[in-house]
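Chain and residue survey
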Amino acid sequence: MELSELQRQGSAIGDSYHGAQQSVRLRSKSVASNQNGPLFDWCSFPTERGEDGESEPVQDLRERPMPMRLKRAIREVQQMRVPVVTNWQSWKRSKAKSLRRFRADTEGALSSIALWRKALLNIGGQFGGGVQSYFIFLRFLVVLNFLSFFLIAGFVLIPSIVFQITSTNNTTVDSSGKEDCTVYDPNPQGLVLFYQYFLDLLSGTGFMEYSYVFYGYYNNTVADSGSFHYNLPLAYLLTCVFYFAFCLICIIARMGRALRIAIATGSGTVGSYSKIVFTGWDYGCQGDRTTKLKQKNLHYQLQLDLEEQRLQKKAASLTLGQTVGLYSLRMFLMLLSITLIGVAFYCIFKATVFSQGKNENTGLLGLIYEYLPSIVITAGNFVVPFMCDQIAQFEKYSPSTTIIMALLRSVFLRMVSLGVLLFSLWSSITCFDNLQDCRSCLYNHNQYPCWETRVGQEMYKLTLFDFLITVAMLILVEFPRRFFVDHWSCALTRWVGRQEFLVPSNVLGLVYGQTVVWTGALFCPLLPLINTLKFFILFYCKKVTLFSNCRPAVKTFRSTTSTIFFLVVLLFGWGLALVALIYSLAQIHPSWSCGPFRSLETMWSIVPNTFYTLSLTTQEFLFYMGSQAFSIPLFISSCVVLCYVAALASVYGRSVDLLKAELKMEGRDKHFLVKLIDEQRRKMGDRVDTFDTGAPN
């Protein structure tokens, strides 16, 4: 009787299992196909290593789905076997082991002496990894600028100081030109008041103008002493080029690490909930306050995903008329935002032209005129993004899209405002409106006797003013706001609250400051050192305001905390600075009265002039490096390597997709089996109840 009933239940189970049996069969086929691979070798040595010193994945017991008793038995068998290896294999193993140990020791030593290591751990534990990423990015820029200063100091600054002290065997390149174009005397004459030195320090004029800080102080010196030959103009140009290349390599290397992490963690909406639930917790959080904040962050991320899915369903259900009206509204608001940004650009252009025409003013009024472009740019960076954020509330985008649009507008405003400043300066230098002023000297010498130093002064003032505004905001706004919020209880203080530490806006401020440094590095060689000191002090200012005045933002967005996004913005700033560098090197005539390129038609002319002074063999070799006989094979080999890497990445990606599909299939199988067990338990419970009810009868 029981056998027949079990058979009937089995048939019912078979019918219900028919829908999910295909996935189980597919998974079993994949497992069976994997069985054709290499099986576990009982006779293998437990510490067998590959050529690169890593463990062979086939012999890893920890990844084997075996009982612990069986694994212990296998380990005992392996340890009883004496490996037979050659001297070469033994040498390779010992060297690989020593290399791994040396690498681990080096990484440990570097991590122990890393800049601000304990402070970063404290910030990550108190405010989470999102806020910590800002300070890590700030440390990266500090190290980048410090190493860049060493590059500039080693090839430009120190040789200039040495050549100026020992000028016996130095020669100066012919700098003859028109007498009217060689007049330049930046040194102050007569008695100078004490406060004037402070004004000169802020504006970069006076004693600061003719110093190693700016371009105009460096000479076109060529040192020739026996076998030693040093061309300072060529070193100045190549150092600037290598400085840009060094920064690009550092950015790409950091971006590569971020991309590897992003690819490893995956992206997209599939499985986002499980990622947040199982891998979203930050185990560096310390204290109840930080734990509750992290819980709110995770709650908001889940709420954000659900809200975005709801908006997507709502957008899909819109009629044609509603869709046209929505896109028309967004287009109108987009044009309004572009108009505001255009007004800001126009104000920057007019302020720059007005400031350049007030060079004769001195004292405090002259300092205000000097800083007028910086003031207008900073005011535009505060006001226009705030107005664009208010406009974005009516565009009806999803929360993530809203913050992305706000960031893109802010990036566009900050970067292009710097471009507008440079365009207005170059228009005045090259006499864009009145070419008569540039006929004699090929640039506007009357207004800019050393135009490179003037551009360097503008970048110097932008860097210094940005730092002063940050310190002033900390002292005059953030601390008083915290004081009133903590000691006054009213509707206004509750509505204002403590300020949030917004990671995106702070990171964009760092990117803007670094772009200014890249733009002015050619005209102000010590600007990387100044920016290093600025970012170093800024770290402690931001740390103080973080722990004393700020609270981390509860509403976090994935796009705003993405390291790749900020590195892409930084790369965009590097590209803008590169355009300014190329235009200055190739188009504008150097000043006749200052700088290492005063005798040349363009700054880049020093390269071909030096090239033709080399030996014939070196010239032929360099010509061959630039010829088709070398470039075409190099291009073909590069294409082959790229195709191989792309094919390898495609294979890895396909393998990852297959593993994901297998995991999904296994999840469905487990869900079906759990459902089946639950049904059987329910049926068995019903049978027991029926048996208990019918027993008295």
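Reading guide: rules and limits
- Residues numbered from 1 in each chain as written.
- Predicted model: local features only at pLDDT ≥ 70, side-chain atom pairs only at ≥ 80, totals over all residues.
- Heavy atoms only, no water.
- UniProt positions renumbered as here; feature names shortened; annotations may be inferred.
- Helix = DSSP H or I, 4+ residues; strand = E, 2+ residues; numbered from the N terminus.
- Expected span 1.5 Å × (residues − 1).
- Buried < 20%, exposed > 50% of the residue type's maximum accessible area, 1.4 Å probe, protein only.
- Bend = angle between axes of the 7 residues up to and from the residue.
- Salt bridge = Lys/Arg side-chain N within 4 Å of Asp/Glu carboxyl O.

An unreviewed UniProt entry lists the chain under the name Transmembrane channel-like protein, from Esox lucius. Here the chain is described in UniProt, under the heading Subcellular location (unreviewed entry), as follows: "Membrane". According to the UniProt record, the Sequence similarities (unreviewed entry) comment for the chain reads "Belongs to the TMC family."

Focus: the UniProt feature "transmembrane region" (unreviewed entry) in the chain
Following the UniProt record, one finds the feature "transmembrane region" (unreviewed entry) at residues 136-158, 234-253, 332-351, 371-392, 404-426, 459-477, 564-586 and 630-652. For residues 404-426, helix accounts for 100% and strand for 0%, while the C-alpha atoms at its two ends are 33 Å apart.

Notes on helix α9 (residues 320-356)
Compared with an ideal rise of 1.5 Å per residue, which puts 37 residues at 54 Å, α9 spans 54 Å between its outermost C-alpha atoms and is within 8% of the ideal. Within α9 the residues assigned to the buried category are Leu326, Arg330, Leu333, Ser337, Ile341, Ala344, Phe345, Ile348, Ala351, Thr352, Ser355 and Gln356.

Let's talk about helix α13 (residues 451-487)
Every α-helical turn comprises 3.6 residues, leaving residues that sit three or four positions apart pointing alike. Taking 1.5 Å per residue, 37 residues should reach 54 Å; α13 reaches 53 Å between its end C-alpha atoms and fits that length. At Leu474, α13 is bent by approximately 35°, the largest bend along its length.

Re the pattern of salt bridges
Enumeration according to the criterion identifies 5 salt bridges in this entry. With a closest N to O distance of 2.5 Å, Arg682 and Asp678 form a salt bridge. With Arg682 and Asp678 both in helix α20 (residues 628-694) and 4 residues apart, the pair spans about one turn of that helix. By relative accessible area, which is 46% here, Arg682 ends up partly exposed. Note on Asp678: relative accessible area 34%, which makes it partly exposed.

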